[in-house]
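Here's the letter readout for the chains.
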Amino acid sequence: MTKRVIIATKNRGKAKEFQHMFAPYGYEVQTLLDLPHIEDVEETGVTFEENAILKAETVARELGELVIADDSGLAIDALEGRPGVYSARYAGEEKSDEANMTKVLEELESVEESDRTARFHCVLAIAGPDMETKTVTGSCEGMILREKRGTNGFGYDPIFFVPSLGKTMAELTQDEKSQISHRGHALEKLGNMISDLV
Ligand SMILES: O=P(O)(O)OP(=O)(O)OP(=O)(O)OC[C@H]1O[C@@H](n2cnc3c(O)ncnc32)[C@H](O)[C@@H]1O
Ligand SMILES: [Mg+2]
């Protein structure tokens, strides 16, 4: 029987990545896109950790099941860590990846190459009945380019350059991204915990 794991996300890009990352372990991933009766959780926290816990615990309580949530974002040094926890809505409530990237590129227009350092952060929270909520973190270092490159991935991937690979995140295959990404690193840490629980 296929094991099922629920991820409390409505982000199609994240959903696709989790499906890909869990498949080799024989897990079928369901997200809030498959469970439309579950409402969006308001992200009132001021840290990735607070928001990940909020999303995981709220949905776990509603479903009475084990749930994983992902809160993530991009921290740019020249912008004092912005967009940070506001990454999804940086250019407005409509959560447009294109508008968010355009805003970042404009804000960095006068910033020279060596100062364009940034990193993606990901906090995964796992919550469920009869267990204490746990969190793990992962990050990935890079540079913000001056224009978009590549069409894979989602969010800020086309402007996030990974120096060790000489490519943007949006030029990586799903396998390549999972090996080096903030989400991939966090999920590695969650690995053993999940196999004990789900
Ligand atoms: O809360 P859920 O429903 O999971 O979906 P969301 O898109 O609102 O997710 P977050 O609140 O965690 O915001 C994360 C934002 O950070 C960006 N982001 C996170 N991981 C990324 C990745 O792997 N590549 C590119 N951008 C990413 C992207 O803009 C996301 O919308
Ligand atoms: Mg969100």
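Preceding block: the structure.
Let us look at the structure shown here. (Residues numbered from 1 in each chain as written. Chains lettered and ligands numbered in written order. Predicted model: local features only at pLDDT ≥ 70, side-chain atom pairs only at ≥ 80, totals over all residues.)

Notes on the site of ligand 1
- Taken together, 22 residues lie near ligand 1, and T9, N11, S87, A88 and G155 sit nearest.
- The biggest single contributor to the shell around ligand 1 is strand 3 (residues 67–76), with five residues. (Near = placed C-beta within 6 Å. Helix = DSSP H or I, 4+ residues; strand = E, 2+ residues; numbered from the N terminus.)

Describing the environment of G13
- Inspection of the secondary structure puts G13 in helix 1 (residues 12–22).
- Sequence separation between G13 and G153 is 140 residues, and the spatial gap between their C-alpha atoms is 6.5 Å.
- Setting aside chain neighbours within four positions, we find G13 in contact with G153, F154 and G155. (Contact = placed C-beta atoms within 7 Å.)

Notes on helix 2 (residues 48–63)
- Here helix 2 spans 23 Å end to end across 16 residues, near enough to the 22 Å set by a 1.5 Å rise per residue.
- Taken together, the buried positions of helix 2 are occupied by F48, N51, A52, I53, L54, K55, A56, V59 and A60. (Expected span 1.5 Å × (residues − 1). Buried ≥ 20, exposed ≤ 12 C-beta atoms within 10 Å, placed from the backbone.)

Some words on the nonpolar core
- The biggest cluster of nonpolar side chains holds 45 residues, and the ones touching the most others in it are A56, V67, L124 and A125.
- Counting residues per element, this core draws most heavily on strand 4 (residues 117–127), which supplies eight residues.
- When residues no more than four places from it in sequence are discounted, the contact partners of A125 are A52, I53, A56, A69, T133 and T135. (Core = buried A, V, L, I, M, F, W, Y, C linked by C-beta atoms within 7 Å.)

What about the sheet that holds strand 1 (residues 3–7)?
- Pairing is mixed across the open sheet formed by seven strands, whose spatial order is 2-1-3-4-5-6-7. Each edge of the open sheet is held by one strand with a lone partner, namely strand 2 (27–31) and strand 7 (167–168).
- In terms of strand pairing, strand 3 meets strand 4 through 10 bridges, oriented antiparallel. Within strand 4, the position partnered with L74 by the bridge is F120. (Pairing = 2+ DSSP bridges.)

Remarks on unusual backbone geometry
- Backbone torsion omega between R82 and P83 reads -5°, so that peptide bond is classified as cis.
- Looking at the element boundaries, P83 is found in the loop between strand 3 and helix 3 (97–107).
- One non-glycine residue, K95, adopts positive backbone phi at about 55°.
- For D130, which is not glycine, the phi dihedral falls at a positive 60°.
- You can see D130 is positioned in the loop between strand 4 and strand 5 (134–144).

Some words on the pairing of strand 1
- Relative to strand 2, strand 1 runs parallel, the two being bridged by five bridges. Paired with R4 across the strands is E28, a residue of strand 2.
- Of the crossover connections in this fold, the one passing from strand 1 over helix 1 to the parallel strand 2 is right-handed.
- Pairing of strand 1 with strand 3 involves two bridges; the strand directions are parallel. Across the sheet, residue I6 finds its bridge partner in strand 3, namely V67. (Right-handed = clockwise from strand over helix to strand, strands pointing away.)

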